Amino acid sequence: MPDAAPLDRLADFPAIPEGWAYLDTAATAQKPAPVVDAITRAYGETYATVHRGVYQRSADMTLAFEAARRRVAGFIGAPSPDEVVFVRGATEGINLVAQCWAGTQLKAGDRILLSMLEHHSNIVPWQMVAERNGLGLDVVPLTADGRIDLDAMERMIRPEHKLVALAHVSNVLGSVLDAERAVRIAHAAGAKILLDGCQAVPRLAVDVAALGCDFYVFSGHKLYGPTGIGVLWGRSELLDAMPPYQGGGSMIDKVSFARTTYAPPPGRFEAGTPHIVGVLGLHAAIDYVEGIGLDAIHVHETALVARARDALGRINSVRLLGPDDSAGIVSFVVEGVHPHDVATILDEGRVAIRAGHHCAQPLMEALGVEATARASFGVYNGPADIDALVRGVERVSRIFG
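To start, this report covers the structure provided alongside it. Model, not experiment: these values are computed from the prediction.

### A look at unusual backbone geometry
Logical step 1: That bond from Pro265 to Pro266 is cis: its omega, 5°, falls within 30 degrees of zero.
Logical step 2: Tracing the sequence through the fold places Pro266 in the loop between β10 (260-262) and α9 (276-292).
Logical step 3: The backbone of Ser250 sits at a positive phi, close to 80°, despite the residue not being glycine.
Logical step 4: Residue Ser250 is classed as partly exposed on the basis of its relative accessible area, which comes to 31%.
Logical step 5: Positive phi outside glycine occurs at Arg350, with the angle close to 65°.
Logical step 6: Residue placement: Arg350 occurs in the loop between α11 (339-348) and β13 (351-352).
Logical step 7: Residue class for Arg350 comes out partly exposed when judged on its relative accessible area of 38%.

Structure below.
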């Protein structure tokens, strides 16, 4: 049974007590002390609004805020920080593109292509704009091991498809999209492509310029940062052509009752006072992750996945889902036991997992289950957490056996 490459980062996380196996990182990551400290310092020592004050503290906070934008741009390989829009999370980023790009650029008869494993946040916004604009939706099936079937996508896509929206890493199965190939397929058909990177950016090095995608979204709280902050990256020419998402302060050029003109991106899409401290916390989270190294994180989580799948696969009542090389996530079912019961019994043993449909009900239907149990890993997990998970699942089997 392979062991994880030791990261020894548990001590960095004040909210994880000794003996508690937190295996729900795909839902939200715990926060390391440097992120907590950055948030505390911002609220307790340096707080002021941004972009509006002429006094020194406001100017300093504005510099820190925009430094965070540059930090994000560098982290994901964005050609310009002006292509980085701060949003509340990936959900808002997808909705922004749905309303302001698809909602204005697509017309009746155009089509959007999704996949069977998408999170509801990468399904429902497209359904909403499709209903209003008379658009069609098509769904790419999965391979036998739970990957987006790009061969099928290549056969399905046609000129009517103007947008493709796919998860870079599945939040349920952990399957990793061959994003570069998906981009090539989309662009060959003349379609734009959005990638949902929520589960990718904490685990894999992402370079949007190298991938060649048109939009990329992720949430800060899955990247060891604060809740309520996320990122939409978009190509500058696409953002320039999009109308505002919301109206209010900061997103304007000039306002009069006769006519209002709007600021260029990214300000055009950041109406109102932003989540200033969230942005600074995100900066600290990126510093923390890159201080460890995404390659090291990937090796660590790959070893944890291998250990978990090997051990769980030895339990007769357990059915593993998804590919063997999933990224930091293991979904499974215990035959004859509802995942909620599995999670409850594991919690009694101080093991925290997620149970349910994981905001992916179409995927559950495709898998032939109502729900799954899901263990997901972070830099604070180690082999002992996997062993505790396995002991808990063995106890579930004994109780219900």
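### A few points about the pairing of strand β6 (residues 192-196)
Logical step 1: Of all five residues in β6, four are buried, a share of seventy percent or more.
Logical step 2: Of the strand pairs in this sheet, strand β5 (residues 161-167) and β6 are connected by five bridges, and their pairing is parallel. Within β6, the position partnered with Ala165 by the bridge is Leu194.
Logical step 3: Running through helix α6 (residues 179-188), the crossover from β5 to the neighbouring parallel element β6 is right-handed.

### A short note on the layout of surface pockets
Logical step 1: Reported here for the largest pocket is a volume of approximately 380 Å³.
Logical step 2: In terms of residue count, the dominant contributor to the lining of the largest pocket is helix α3 (residues 90-105) (three residues).
Logical step 3: Class assignment of the residues belonging to the lining of the largest pocket gives a composition of nine nonpolar, 10 polar and five charged.

### Notes on the packing of aromatic side chains
Logical step 1: Throughout the structure, instances matching the rule amount to 10 aromatic pairs.
Logical step 2: Summarising the aromatic geometry, the rings of Phe65 and Phe86 are spaced 5.5 Å apart at their centres and angled 70° between planes, so their arrangement reads as edge-to-face. A residue pair is termed long-range when its members are at least 10 positions apart, and Phe65 in helix α2 (residues 56-76) and Phe86 in strand β2 (residues 84-87) qualify at 21 residues. Here Phe65 and Phe86 have matching classes, each one buried.

### Details of a nonpolar patch on the surface
Logical step 1: Taken together, the side chains of Ile252, Val255 and Tyr262 define a hydrophobic patch exposed on the protein surface, amounting to about 260 Å² of accessible area.
Logical step 2: Here Val255 lies in strand β9 (residues 252-255).
Logical step 3: Here Val255 falls in the exposed class, since its relative accessible area comes to 52%.

### Re the environment of Glu154
Logical step 1: Inspection of the secondary structure puts Glu154 in helix α5 (residues 150-156).
Logical step 2: Classification of Glu154 by relative accessible area gives partly exposed; the value is 46%.
Logical step 3: Taking the C-alpha atoms as reference points, Glu154 and Ala189, 35 residues apart in sequence, are found 9.1 Å from one another.
Logical step 4: Ignoring sequence-local partners within four residues, the contact set of Glu154 consists of Arg181 and Ile185.

### Focus: the side chain of Asn95
Logical step 1: The topology assignment puts Asn95 in helix α3.
Logical step 2: Judged by its relative accessible area of 16%, Asn95 is buried.
Logical step 3: If we ignore the near neighbours within four places in the chain, the residues touching Asn95 are Pro125 and Tyr245.

### A short note on the pairing of β9
Logical step 1: In this structure, β9 lies alongside β10, joined through three bridges in antiparallel fashion. Within the sheet, the bridge partner assigned to Val255 lies in β10 and is Thr260.
Logical step 2: Between the end of β9 and the start of β10, which pair antiparallel, lie four residues.

Thresholds applied
- Residues numbered from 1 in each chain as written.
- Predicted model: local features only at pLDDT ≥ 70, side-chain atom pairs only at ≥ 80, totals over all residues.
- Heavy atoms only, no water.
- Helix = DSSP H or I, 4+ residues; strand = E, 2+ residues; numbered from the N terminus.
- Buried < 20%, exposed > 50% of the residue type's maximum accessible area, 1.4 Å probe, protein only.
- Pairing = 2+ DSSP bridges.
- Right-handed = clockwise from strand over helix to strand, strands pointing away.
- 1 Å grid on protein atoms, 1.4 Å probe; cavity = no way out; pocket = protein on both sides within 12 Å on 5 of 7 lines; lining within 4 Å.
- Points joined across faces, edges and corners; volume = space filled by probe spheres on them.
- Nonpolar A, V, L, I, M, F, W, Y, C, P; charged D, E, K, R; others polar.
- Phe/Tyr/Trp six-rings, centres within 6.5 Å; stacked < 30°, edge-to-face > 60°.
- Patch = residues over 30% accessible without salt bridge, like charges linked within 9 Å, V, L, I, M, F, W, Y side chains within 5 Å.
- Areas by Shrake-Rupley, 256 points an atom, 1.4 Å probe, with all protein chains shown as cover.
- Salt bridge = Lys/Arg side-chain N within 4 Å of Asp/Glu carboxyl O.
- Contact = heavy atoms within 4.5 Å.

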